[in-house]
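Per-entry structural report
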Amino acid sequence: MKDLPVSSIEDVERALQQHRYVADRSLATTIFLALTLDKPLLLEGEAGVGKTEVGKVLAEILNTRLIRLQCYEGIDVNNAVYEWAYAKQMLHIRLLESAGTNREETEREIYSPQFLVKRPLLQAIENDGGNPPVLLIDEIDRADDEFEAFLLELLSDFQISIPEIGTIKADKPPAVIITSNRTREIHDALKRRCLYFWIDYPSVDREFEIITARVPDVPKKLAHQVSAFIGGVRRLDLYKLPGIAETLDWTRSLIALGEMELTESAVQATLGSIVKYQEDLERLRGAGSRELLARAVNA
Amino acid sequence: MPDPGTVLTRNWLHFGRILRSLGFDAGPVRMLPFLTALTVIDLGRADDLRTAVHAHFGRRRDELPILDRALAAFLGAHGPDGDAAASSRTAVRERGAAVTLTGRQLKVLDEGEGAEGAEEEEVASYSQVEVLRQKDFDTLTEAETAEVRRLIRLMRLPAGLTRSRRARAGGRDRLDIRRLLRRSLRFGGELLVFSWKSPTLRPRPLVLLCDISGSMERYTRLLLNFAYALKNASTRVETFVFATRLTRITRLLRSHDIDAALNRVTASVDDWSGGTRIGEAIETFNRRYARRVLGHGATVALISDGWDRGDAAQMRQAIARLQRSCHRLIWMNPLMGAPGYEPLTLGLQAALPFVDDFLPAHNLANLEALGALLLETASRRPVRRQTPVVATA
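Residues numbered from 1 in each chain as written. Chains lettered and ligands numbered in written order. Predicted model: local features only at pLDDT ≥ 70, side-chain atom pairs only at ≥ 80, totals over all residues. Heavy atoms only, no water.

In this section: the interface of chain B and chain A. Between chain B and chain A, the residue contacts involve 47 residues of the former and 56 residues of the latter. Of the roughly 4,700 Å² buried between chain B and chain A on both sides combined, carbon and sulfur atoms contribute 51%. Across the pair D188(A) and R60(B) runs a salt bridge, and its minimum N-O distance is 3.5 Å. Our enumeration of links across chain B and chain A arrives at 16 residue pairs in polar contact (both at pLDDT 80 or more). Counting only elements with at least two residues in the side of chain B that touches chain A, the list comes to α2 (28–40), α3 (46–57), β1 (161–175), α8 (177–184), α12 (278–288), α13 (290–293) and α14 (312–324) of chain B. Take the side of chain B that touches chain A: its biggest share by element is seven residues, from α3(B). Here the side of chain B that touches chain A is composed, by residue class, of 13 nonpolar, 11 polar and 23 charged. (Contact = heavy atoms within 4.5 Å. Buried area = accessible area lost by both parts, 1.4 Å probe. Salt bridge = Lys/Arg side-chain N within 4 Å of Asp/Glu carboxyl O. Polar contact = N/O pair within 3.5 Å; in protein donor to acceptor, adjacent residues only side chain to side chain. Helix = DSSP H or I, 4+ residues; strand = E, 2+ residues; numbered from the N terminus. Nonpolar A, V, L, I, M, F, W, Y, C, P; charged D, E, K, R; others polar.)

Time to look at the sheet that holds strand β4 (residues 237–242) of chain B. Residue and element names in this part refer to chain B. The strand order across the open sheet built from six strands is β5-β4-β3-β6-β7-β8, with neighbouring strands paired in mixed fashion. On the outer flanks of this sheet lie β5 (246–248) and β8 (357–360), each paired with one strand and no other. Going from strand to strand, the sheet's axes swing by 20 degrees on average, the running direction of each strand aside. Inspection of the sheet shows strand β7 (residues 328–333) paired to β8 by four bridges, in the parallel sense. (Pairing = 2+ DSSP bridges. Axes fitted to C-alpha atoms, helices over the stretch in contact; angles between N-to-C directions.)

This part takes up the sheet that holds strand β5 (residues 134–138) of chain A. All names here are of chain A. An order of β2-β5-β8-β1-β9 is seen for the five strands of this open sheet, with the pairing classed as parallel. Unpaired on one side and paired on the other, β2 (66–70) and β9 (195–199) mark the two borders of the sheet. Adjacent strand axes in the sheet meet at a mean angle of 20 degrees when their direction is disregarded. Relative to β9, strand β1 (residues 41–45) runs parallel, the two sharing five bridges. Paired with L43 across the strands is F197, a residue of β9.

With that settled, the discussion passes to the layout of surface pockets. Of the pockets and cavities examined, the second largest pocket occupies roughly 970 Å³. Taken together, 45 residues line the second largest pocket, and the ones lying closest to its centre are Y21(A), V49(A), F197(A), I199(A) and D200(A). Examining the composition of the lining of the second largest pocket, we find that five residues originate from one element, α3(B), more than from any other. Class assignment of the residues belonging to the lining of the second largest pocket gives a composition of 18 nonpolar, 10 polar and 17 charged. (1 Å grid on protein atoms, 1.4 Å probe; cavity = no way out; pocket = protein on both sides within 12 Å on 5 of 7 lines; lining within 4 Å. Points joined across faces, edges and corners; volume = space filled by probe spheres on them.)

Before going further, it helps to examine the domain arrangement of chain A. Residue and element names in this part refer to chain A. Under the domain assignment used here, chain A contains domain 1 (9–73 + 124–199), domain 2 (82–118) and domain 3 (204–298). Spacing between the C-alpha centres of domain 1 and domain 2 amounts to 35 Å. Across the boundary between the two partners, domain 1 contributes five residues, which contact seven residues of domain 2. In this assembly, domain 1 packs against domain 2 so that about 490 Å² is buried in total across both faces, 69% of it on carbon and sulfur atoms. Contact with domain 2 buries surface across domain 1, with I162, E164 and I165 losing the most and accounting together for 73% of the total. Across the salt bridge formed by E126 and K118, the nearest N and O atoms sit 2.9 Å from each other. Our count for the contact surface shared by domain 1 and domain 2 stands at one residue pair in polar contact (both at pLDDT 80 or more). Looking at the side of domain 1 that touches domain 2 residue by residue, the classes come out as three nonpolar, no polar and two charged. (Domains from an automatic or database assignment.)

A separate point is helix α16 (residues 364–377) of chain B. All names here are of chain B. With 14 residues, α16 extends 20 Å between its outermost C-alpha atoms, agreeing within 8% with the 20 Å of an ideal straight helix rising 1.5 Å per residue. Buried within α16 are the following residues: L364, A365, N366, L367, L370, G371, L373, L374 and T377. Structurally, the start of α16 carries an N-cap: the backbone nitrogen of A365 is 3.2 Å from a side-chain oxygen of N363. (Expected span 1.5 Å × (residues − 1). Buried < 20%, exposed > 50% of the residue type's maximum accessible area, 1.4 Å probe, protein only.)

Shown next, in the form of structure tokens:
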């Protein structure tokens, strides 16, 4: 077992709290297990429930760097692992040429680490001493199957081969957080390597805690009403339910407008912070939100 | 008396057996880290234990309740030497219940052989095939249906391709600087030979929404065979069926006979008189699945006769949204084969402005045309006019 700044579930809970991440005990338990067992943690959940935030907070807790890899369709080794600095190499070839260097030597020279552009995965593996970083592989569902297969290999032995240089292996594997929005199902083989956690929308009380932790200058009353209102919105059948990110945005917008509590005009003016589809907006406008508002204010 | 450590382990290994019997991956490779996890958490705390089980064996959210039941069944079995068989039996029963909740009709599919005599039948001659190609599916005899099905299976359907952002060597699209540099070394860094790369092509996914109400069922059966043929052409196909309720049957079609799968689904739809609610089905699709299955620029084919008993305004909203979230929306209507047919139903009238292609789907020739259309339209976007969705209160 490694020497970690956290040695129990309670430690993780406390640390999360210190870093203003309000979470259920079950998330703390899973993080604790991932750290103790050296396993990647796969977080799934709707957009905006704080999956990415876990990576950021974990890096703060472990007092180490966060290395983030944002996935997208078509991401490949050049974008994720390494690339050569071509322009620099070309200039260098010219230089060597004028100095009269022979071909083998030129080749050895220009494929040396100084011309290597390190992308996130290589950076995460190659940590010289120090704390291993936290590697956040964000929105893996956007990458394609080929990339997933590559990751699978990487996550099992934490080493990368670069043909021109050789194999680079992590002396201490990084803590890995993988997030997915479930726009497609992740392959079972990858899931098998990871610990799994589903982050749900928070309860109304929990959301209140999150608001007060993240927006410290919020009036208590407003925070209560916002969390109750959002809780009501999430019970509606909308195309896209607001996540915690939306809740926080909304709270900040209300504060920016100088609102001390929810009023109908304030809600109508700021609905765009909560729902992002025209159809959803249509439903919440007017009578739709009035009822929710009445309930939130009386709660 | 063995020491408590081994009792603990042996006991939990039994839990692993329960999970395996439920179809979870709980082999030694998975169990070992789990057992390690048990040593670092407080086993007295039920919530932590539950989380640990979720974290190790959960693969998707819908499975988590099954894990809970398995754990409850395991813990319920009394004492370390609890009756193994009994508890595993409980668990299996529990699972049955859980699956029932998610989709009664999809539970078991091994329902005999799907009346497959087609192979032995005499192969039709060319002119017979020609006649069959043009014949309305609705007027086919039993033997002809089998023959058509065989012909569909034999169809060679090249997959419609779309550009991926991934690149491969070759072509004349972009310079492959990495290779360029490596090759130039041969000539002392002089750029004499150029290397190129171009985007890879991948098959564009297809999503089928099939009406299986009443008269549509016959067509749908054959169309699903068609979907299957496409799938073999390496296109990713997602399939949904609806009458009154939308059901995803992609997984069923993966490993089982189409007819057996459809029988299962249709058998469970009991209120035929309720009529089709196409708008509602599409809306369910929009809400629940669209984000997941339309992610990679899928083409959507809706197969229905358009006899909608639902609300026309809802239909318009739903279909407009569906069109906006997919690459191309194709509506296939078997009724277009009937002479003098005009799409006059309210639902269809509402939907048509938002459909990119409105095609007949009543014979084999139509299906071939669909195959050609998918191939042809895969790489470019349809021209769409802005059609305002008028909100009706």
